[in-house]
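Structure assessment
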Amino acid sequence: MRARIASSAGSPLLLVGAALSLLAALLHLATIAGGPEWYRFFGAGEDMAQSAARGEWRPALITLAIAAILGIWALYALSGAGRTRRLPLLRTVLVAISAVYLARGLILVPMLVLKPSLVDGFTLWSSLIVLAYGLAYAIGTALAWRALAPPVRREM
């Protein structure tokens with residue numbers, strides 16, 4: 001059985017990141033159940049909403065895949081916080097998750113400069129929210145960096 005990581009200064013932020021990712025995963029699942037209006041409300045686009053209204057499988061499948069990815073990201077944050085067993089490539093994956101969330105949040109900046117007409121209230125708020133997710137993961141990972149180091153194997 002693999003050992004858990006000891007708690008570190010980054011654990012609280014990684015726990016916040018896990019909770020946020022889990023919340024996002026649950027909202028994606030609720031969107032599938034909520035149907036076309038939920039797809040519209042959460043900014044999935046009119047095409048996804050109309051596809052859901054027609055009973056097509058594509059919106060649910062895409063949304064389910066996103067929920068699964070977010071759930072896996074929550075597990076990685078829990079592992080980094082020392083709440084579950086150590087997962088493979090922990091530091092690498094936490095850095096990648098941080099990068100994806102930060103990139104999604106920061107896309108707002110070039111949009112505001114290059115295409116401000118595309119920035120509506122949903123885009124603004126969702127970008128700021130996802131930026132907070134990215135900061136929780138990135139700062140938590142940085143603070144826990146030493147604790148997240150792979151275990152040293154000792155040869156006998």
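All of the points below concern the structure found in this document. Per chain, residues are indexed from 1 in the order of the written sequence. In view of the model being predicted, local features appear only for residues whose pLDDT reaches at least 70, and side-chain atom pairs are presented and counted only at 80 or more, with totals across whole chains, interfaces and linings using the full set of residues. Water and hydrogen atoms play no part in the side-chain values, which are based on all heavy atoms of the structure.

Here we look at the overall build of the protein chain
Just so we agree on the cut-off: Helical segments are the DSSP runs of H or I of at least four residues, strand segments are the runs of E of at least two, and each set is numbered from the N terminus. Whether a residue is buried, partly exposed or exposed follows from its accessible area with a 1.4 Å probe, protein chains only, as a fraction of its type maximum: under 20%, in between, or over 50%, in that order. Within this scheme the basic residues Lys and Arg register as positive and the acidic residues Asp and Glu register as negative, but His and the chain ends are omitted. A charged residue contributes its charge at one atom only: NZ of Lys, CZ of Arg, CG of Asp or CD of Glu.
Counting secondary structure elements, the protein chain contains seven helices and zero strands. In sequence order, the protein chain lays out its α and β elements as α-α-α-α-α-α-α. The buried share among the 156 residues of the protein chain stands at 33%. One way to put it: in the protein chain the 14 positive side-chain charges average out to a point 20 Å from where the 6 negative ones average out.

Digging into helix H1 (residues 11-34)
Spelled out, the test is: One less than the number of residues in a helix, times 1.5 Å, gives the span that helix is expected to have. Throughout, a contact is declared for two residues whenever any of their heavy atoms are within 4.5 Å.
In a regular helix each residue adds 1.5 Å, so 24 residues correspond to 34 Å; H1 covers 34 Å between its end C-alpha atoms and thus fits that length. All of the buried residues in H1 are Ser 11, Leu 14, Gly 17, Ala 18, Ser 21, Ala 24, Ala 25 and Thr 31. Looking at the packing, one finds that the buried side of H1 touches helix H2 (36-41), helix H4 (58-80), helix H5 (90-106) and helix H7 (121-144). Directly after H1, the chain includes Gly 35, whose backbone phi takes a positive value near 80°.

As for unusual backbone geometry
Positioned with a positive phi, Leu 89 is a non-glycine residue whose angle comes to about 55°. Note on Leu 89: relative accessible area 64%, which makes it exposed.

Thoughts on H7
Which entries qualify depends on this criterion: Definition of a polar contact: a pair of N or O atoms within 3.5 Å, with one able to donate and the other able to accept a hydrogen when the atoms are protein atoms, and with sequence-neighbouring residues admitted only if both atoms are side-chain atoms.
With 24 residues, H7 should cover 34 Å at 1.5 Å per step; its first-to-last C-alpha distance of 34 Å lies within 8% of that length. Restricting attention to buried positions, one finds in H7 the residues Thr 123, Ser 126, Ser 127, Val 130, Leu 131, Tyr 133, Gly 134, Ala 136, Tyr 137, Gly 140, Thr 141 and Ala 144. Residues of H7 that are buried in the fold lie against H1, H4, H5 and helix H6 (108-114). N-cap assignment for H7: the residue whose side-chain oxygen lies 3.3 Å from the backbone N of Phe 122 is Asp 120.

Re the environment of Phe 41
Tracing the chain through its elements places Phe 41 in helix H2. The exposure class assigned to Phe 41 is exposed, which follows from its relative accessible area of 61%. C-alpha separation for the pair Phe 41 and Ser 8, spaced 33 residues apart in sequence, amounts to 38 Å.

Some details on the layout of surface pockets
Put simply, the rule reads: A pocket, in this scheme, is an open set of points on a 1 Å grid over the protein atoms alone with protein on both sides within 12 Å along at least 5 of 7 lines, while a cavity is a set where a 1.4 Å probe fits but cannot get out; residues line either one if an atom lies within 4 Å of a point. Grid points are joined across faces, edges and corners, and a volume is the space filled by probe spheres set on the points. Gly falls in the polar group here, along with every residue not listed as nonpolar (Ala, Val, Leu, Ile, Met, Phe, Trp, Tyr, Cys, Pro) or charged (Asp, Glu, Lys, Arg).
Computed from the structure, the largest pocket encloses a volume of approximately 770 Å³. His 28, Phe 42, Phe 122, Ser 126 and Val 130 are, among the 23 residues lining the largest pocket, the residues nearest its centre. Contributions of two or more residues to the lining of the largest pocket are made by H1, H4, H5 and H7. The leading source of residues in the lining of the largest pocket is H7, at six residues. In the lining of the largest pocket, the residues fall into 17 nonpolar, five polar and one charged.

Examining the nonpolar core
Put simply, the rule is: By nonpolar core we mean a set of buried residues, namely Ala, Val, Leu, Ile, Met, Phe, Trp, Tyr and Cys, connected to one another through side-chain atoms within 4.5 Å.
Core analysis: the biggest nonpolar cluster contains 22 residues, and Leu 94, Tyr 101 and Tyr 137 have the highest contact counts within it. Contributing elements (two or more residues each) for this core: H1, H4, H5 and H7. In terms of residue count, the dominant contributor to this core is H4 (six residues).

A closer look at the side chain of Ser 21
Checked against the element boundaries, Ser 21 lands in helix H1. Among the polar contacts listed, one links the side chain of Ser 21 to the side chain of Tyr 137, at a separation of 2.8 Å. Once residues within four sequence positions are removed from consideration, Ser 21 is found in contact with Leu 70, Trp 73, Ala 74, Tyr 101, Tyr 133 and Tyr 137.

With respect to the side chain of Ser 98
Looking at the secondary structure, you find Ser 98 in helix H5. In this structure, Ser 98 is in contact with Gly 134, Tyr 137, Ala 138 and Thr 141, ignoring residues within four places of it in sequence.

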